[in-house]
Amino acid sequence: MRIIYETSDGGVAVIVPAPEYLLTHTMEELAAKDVPAGANYEIVEDSVVPSDRAFRGAWTWA
Amino acid sequence: MATIINADTSDGLKLTSDTSGQIDFQSAGSTKATIDTSGNLKFDSGFGSVGTAYGCRAWVNFVGTGTVSINASGNVSSITDNAVGNYTVNFTTAMPDDDYSVNGSTSSAVNNNVFIAGATVLPTTSAYRFNTRASSNVNLDMPIVNVNFIR
């Protein structure tokens, strides 16, 4: 799982959880801790995030 | 003074107790490690005398290309992929202050000129943002990124 959130400039940041952290915490707890306050975010499957990073700078929040 | 746990070469375990709050670990009467009343761990480990050990408070080894993922870590809750060659390490337990030291490296079979550079975001007690940057001053994603935090 990943957490994606909208950055202040309209782009997208992707939070990648540490496996160690998920042994004792949930994705919701991680989002509460590591997503910047007030940012729109969503918890998604890994496959939602493109593995092709050629246009990483062009990712936008839709 | 200290409470002493001594591995004596003649008598085996020897304990000496006091009320100082400090613990000394000795071998043949020579102090090899100490935990003082402030909680500082001090050890000899070949230095010749005990000195304070400064720990690595957090570390992470992650894949920065393709599907970004964490291979292994300590005291890291997550990394944030902000952009090409731009990441944030988020700490599980916050640093005592933002004066920690950071070092890191990258690994790639095709490019050995990529270094860890600070981002234009100041360190905080809860996170550290940085770039993986080529000598040409351009950010690059790297197959392996290692970052350590000392305090």
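Residues numbered from 1 in each chain as written. Chains lettered and ligands numbered in written order. Predicted model: local features only at pLDDT ≥ 70, side-chain atom pairs only at ≥ 80, totals over all residues. Heavy atoms only, no water.

1. Points about the overall build of chain A
Then, in step 1: Helices and strands together make up the secondary structure of chain A, namely two helices and three strands.
Then, in step 2: Counting from the amino terminus, chain A carries its helices and strands in the arrangement β-β-α-α-β.
Then, in step 3: Taking as baseline every contact in chain A between residues at least 6 positions apart, the subset at least 24 positions apart corresponds to 57%.
Then, in step 4: In the structure as shown, chain A presents an accessible area of about 3,600 Å², 54% of it carried by carbon and sulfur atoms.
Then, in step 5: For chain A, the distance from the average position of its 4 positive side-chain charges to the average position of its 10 negative side-chain charges is 7 Å. (Helix = DSSP H or I, 4+ residues; strand = E, 2+ residues; numbered from the N terminus. Contact = heavy atoms within 4.5 Å. Areas by Shrake-Rupley, 256 points an atom, 1.4 Å probe, with all protein chains shown as cover. Lys, Arg positive; Asp, Glu negative; His and termini not counted. Charge placed at Lys NZ, Arg CZ, Asp CG, Glu CD.)

2. Examining the domain arrangement of chain B
Then, in step 1: By domain assignment, chain B separates into domain 1 (2-52) and domain 2 (56-150).
Then, in step 2: Put simply, the middle of domain 1 of chain B and the middle of domain 2 of chain B, counted by C-alpha atoms, are 37 Å apart. (Domains from an automatic or database assignment.)

3. Comments concerning the interface of chain B and chain A
Then, in step 1: On the side of chain A, 20 residues touch chain B, which itself brings 24 residues to the contact.
Then, in step 2: A buried area of about 1,600 Å², summed over both sides, lies between chain B and chain A, and 46% of it is on carbon and sulfur atoms.
Then, in step 3: With a closest N to O distance of 2.6 Å, B:Asp141 and A:Arg53 form a salt bridge.
Then, in step 4: Mapped onto the side of chain B that touches chain A, the elements with two or more residues apiece are β8 (69-74), β9 (76-83) and β10 (86-91) of chain B.
Then, in step 5: A total of eight residues in the side of chain B that touches chain A trace back to one element, the largest contributor, which is β9(B).
Then, in step 6: Each residue belonging to the side of chain B that touches chain A can be placed in one class, and the counts come to eight nonpolar, 14 polar and two charged.
Then, in step 7: Where strand β2 (residues 12-17) of chain A lies against β9(B), four bridges are found, and the strand directions are antiparallel. Bridged to A:Val14 within β9(B) is B:Asp81. (Buried area = accessible area lost by both parts, 1.4 Å probe. Salt bridge = Lys/Arg side-chain N within 4 Å of Asp/Glu carboxyl O. Nonpolar A, V, L, I, M, F, W, Y, C, P; charged D, E, K, R; others polar. Pairing = 2+ DSSP bridges.)

4. Focus on the nonpolar core
Then, in step 1: Core analysis: the biggest nonpolar cluster contains 39 residues, and B:Val60, B:Phe62, B:Ile79, B:Val89, B:Phe91, B:Phe130 and B:Phe149 have the highest contact counts within it.
Then, in step 2: Broken down by element, this core gets its largest block of residues, five residues, from β2(A).
Then, in step 3: Look past the residues within four positions of B:Ile79 in its chain and what remains in contact with it is A:Val14, A:Ile15, A:Val16, B:Val60, B:Phe62, B:Val68, B:Ile70, B:Thr88, B:Val89 and B:Asn90. (Core = buried A, V, L, I, M, F, W, Y, C linked by side-chain atoms within 4.5 Å. Buried < 20%, exposed > 50% of the residue type's maximum accessible area, 1.4 Å probe, protein only.)

5. A word on a nonpolar patch on the surface
All names here are of chain B.
Then, in step 1: Nonpolar side chains collect at one region of the surface, where Ile5, Leu13, Leu15, Ile23, Phe25, Ile35, Leu41, Phe43 and Phe47 lie side by side and expose about 840 Å² of accessible area between them.
Then, in step 2: Those elements giving two or more residues to the nonpolar patch turn out to be β2 (12-16), β3 (23-27) and β5 (41-43).
Then, in step 3: Within the secondary structure, phenylalanine 43 sits in strand β5. (Patch = residues over 30% accessible without salt bridge, like charges linked within 9 Å, V, L, I, M, F, W, Y side chains within 5 Å.)

6. Looking at unusual backbone geometry
Residues and elements named next belong to chain B.
Then, in step 1: Even without glycine at this site, alanine 28 takes up a positive phi of about 55°.
Then, in step 2: In this fold, alanine 28 is placed in the loop between β3 and β4 (30-35).
Then, in step 3: In the Ramachandran plot, asparagine 75 falls in the positive-phi region, its phi being about 55° despite a non-glycine side chain.
Then, in step 4: Mapped onto the fold, asparagine 75 is located in the loop between β8 and β9.
Then, in step 5: Given a relative accessible area of 19%, asparagine 75 falls into the buried group.

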